[in-house]
Amino acid sequence: MTTESAIETARAQLRRAVDQLKLPENEWQTLSTPRRILEVAVPLRRDTGNVEIYKGFRVQYSTTRGPSKGGVRFHPSIDMDETVALAMLMTWKCALTNLPYGGAKGGIAVDPATLSRGENERLTRRYTSEILPIIGPEHDIPAPDVGTDEQNMAWMMDTYSVNAGFSVPGVVTGKPIVLGGSLGRTSATGDGVAISTQQALIAKGINPLGATVAIQGFGKVGYWAAIALEQMGLKVVAVSDVQGGVTGFSSVSSLWDHFKAHGDLNAPGTEKLTNEELLHLDVDVLIPAALSDAITEHTATKIKARIVVEGANAPTTPEGDAILNDKGILVIPDILANSGGVIVSYFEWVQDKQNYFWDADEVKTNLSTIMLKAFKEVASTVEERSVTWREAALMIGVGRVAEAHRLRGLYP
Ligand code: NAD
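Residues numbered from 1 in each chain as written. Predicted model: local features only at pLDDT ≥ 70, side-chain atom pairs only at ≥ 80, totals over all residues. Heavy atoms only, no water.

### Examining the pattern of salt bridges
Counting across every chain of the model gives 25 salt bridges. A salt bridge links Arg 406 to Glu 27; its shortest N-O distance comes to 2.9 Å. With Arg 406 in helix α15 (residues 389-408) and Glu 27 in helix α2 (residues 25-31), the pair connects residues that are 379 residues apart, well separated along the chain. A residue is classified by how much of its surface remains accessible, and Arg 406, at 47% relative accessible area, is partly exposed. Ionic contacts of the salt-bridge type, sharing partners, join the residues Arg 73, Glu 82, Lys 105 and Asp 145 into one network. (Salt bridge = Lys/Arg side-chain N within 4 Å of Asp/Glu carboxyl O. Helix = DSSP H or I, 4+ residues; strand = E, 2+ residues; numbered from the N terminus. Buried < 20%, exposed > 50% of the residue type's maximum accessible area, 1.4 Å probe, protein only.)

### Examining the domain arrangement of the chain
Along its sequence, the chain is carved into domain 1 (35-172) and domain 2 (188-337). Once you take the C-alpha centre of each, domain 1 and domain 2 turn out to be 27 Å apart. If you look at the interface, domain 1 gives 14 residues, while domain 2 gives 9 residues. Buried area between domain 1 and domain 2, summed over both chains or domains, comes out near 880 Å², and the portion from carbon and sulfur atoms is 62%. Among the residues domain 1 hides against domain 2, the three largest losses belong to Leu 89, Lys 93 and Leu 96. Together they make up 47% of the total. One can count 0 salt bridges joining domain 1 with domain 2. Examining the composition of the side of domain 1 that touches domain 2, we find that 6 residues originate from one element, helix α3 (residues 80-96), more than from any other. (Domains from an automatic or database assignment. Contact = heavy atoms within 4.5 Å. Buried area = accessible area lost by both parts, 1.4 Å probe.)

### What about the sheet that holds strand β9 (residues 271-273)?
The mixed open sheet is built from 7 strands, whose spatial order is β9-β8-β7-β6-β10-β11-β12. Each edge of the open sheet is held by one strand with a lone partner, namely β9 and β12 (330-332). Across the sheet, the mean angle from the axis of one strand to that of its neighbour is 20°, orientation sign disregarded. When strand β6 (residues 212-216) meets strand β7 (residues 235-241), the two strands line up parallel, connected through 5 bridges. Its bridge partner lying in β7, Val 213 is registered against Val 236. Set on the sheet, helix α6 (residues 185-203) makes contact with β10 (285-288), β11 (307-309) and β12; between it and β11 the angle comes to about 160°. Across the sheet, helix α7 (residues 220-231) is in contact with β6, β7 and β10; its angle to β6 comes to roughly 170°. (Pairing = 2+ DSSP bridges. Axes fitted to C-alpha atoms, helices over the stretch in contact; angles between N-to-C directions.)

### Notes on the site of the ligand
Neighbouring the ligand are 22 residues; Arg 73, Asp 145, Thr 189, Val 221 and Asn 313 lie closest to it. Here Phe 218 contributes a backbone N or O atom positioned 3.0 Å from an oxygen atom of the ligand. Contact between the ligand and Val 221: an oxygen atom at 2.9 Å from a main-chain N or O atom of the residue. Taken together, the elements giving at least two residues each to the shell around the ligand come down to α6 and α7. Per-class residue counts for the shell around the ligand are 8 nonpolar, 9 polar and 5 charged. Of the residues that make up the shell around the ligand, three or more belong to each of domain 1 (35-172) and domain 2 (188-337). (Near = heavy atom within 4 Å. Polar contact = N/O pair within 3.5 Å; in protein donor to acceptor, adjacent residues only side chain to side chain. Nonpolar A, V, L, I, M, F, W, Y, C, P; charged D, E, K, R; others polar.)

Encoded structure:
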């Protein structure tokens, strides 16, 4: 990790898109300013009876194209700057995939591994209660992110609904199916990362069948991407989590079985790798699917992969990005590569609003249609404007938000 912050990365990317689109300075000011930010104190009664106060955040970066939408992260290092950066990325991602949303993000500066289940529930409910005045199906719709899952979403939905006096499933996405969740949401981000990987390989003239992949992060994104890639006939040769990585496993599902039983990746027959060694493996595709700033000027120089598919949000700093570009490595940017999650979250919200639920095939087909369309648009912009895939994706996303701003005008 280096000193670059996600907010510096996000602002540098936006500045470049604004310059490339030749937008006037007043539009840079509008686009680079979050619409609404909220910091809350979240008191938690620990199981011991002690009361501790945690910092909670919710940033609604943009509501220009619709209600804001974005995940809730439980991680000790989350702060307001990082939340703003991630909410900004969500804004361009929703615009790039043409979803009728703005962008948001939230979280609590806490390590969920230090919480009992009861403590996690109380913290989640109190956080929901603190941000309750600004969320809702027509306002801002949270979802899971690092350190949260469908159980957290169930508690958030229940807290909101109890306060409303009736059931409001559309207030969050990524819920359990029985509470109005969508089939296919759990694996959606990983499925989308796999679609992106397949398309990137084709764009680079490499046969996806048998292509090799290394994945940093074995959580909701990394695990499901690994499963989907294996099903598509690619070879996942290495994965890692916060404790380090492994190679030499026979299949992702066998590694998962070991992980579930023992809580580590060191299945019999595997060989250990450091996270840095994983990044530098000679593979066709490297997928950073953990946290921000994994690929920096320090780690990028030794990357040998032909393609980087950004499963995580903001995993590459601008300096790292420049090195990858100089080396001719194709980078599929986060706002395209990991958009599968918010796309199926959108489907979940639509289903909740209509009280009519789709089957799994319909979800998968519609996910793939939206992702392939976004892929095609980005590829055309790369061709027409001679820019990188990241620049093209941002130009499309930022351009759409800027146009929406222009058309709505300024009130009063
Ligand atoms: P998660 O909490 O389920 O998993 C995170 C994984 O990263 C875990 O395996 C963890 O051990 C690992 N990890 C943490 N620190 C690490 C380190 N220093 N080195 C290597 N591995 C490390 O989180 P997730 O939901 O899978 O999210 C991962 C990334 O994808 C985040 O950047 C998130 O914002 C982004 N993302 C998630 C979704 C989603 O639907 N969950 C959607 C879009 C983007």
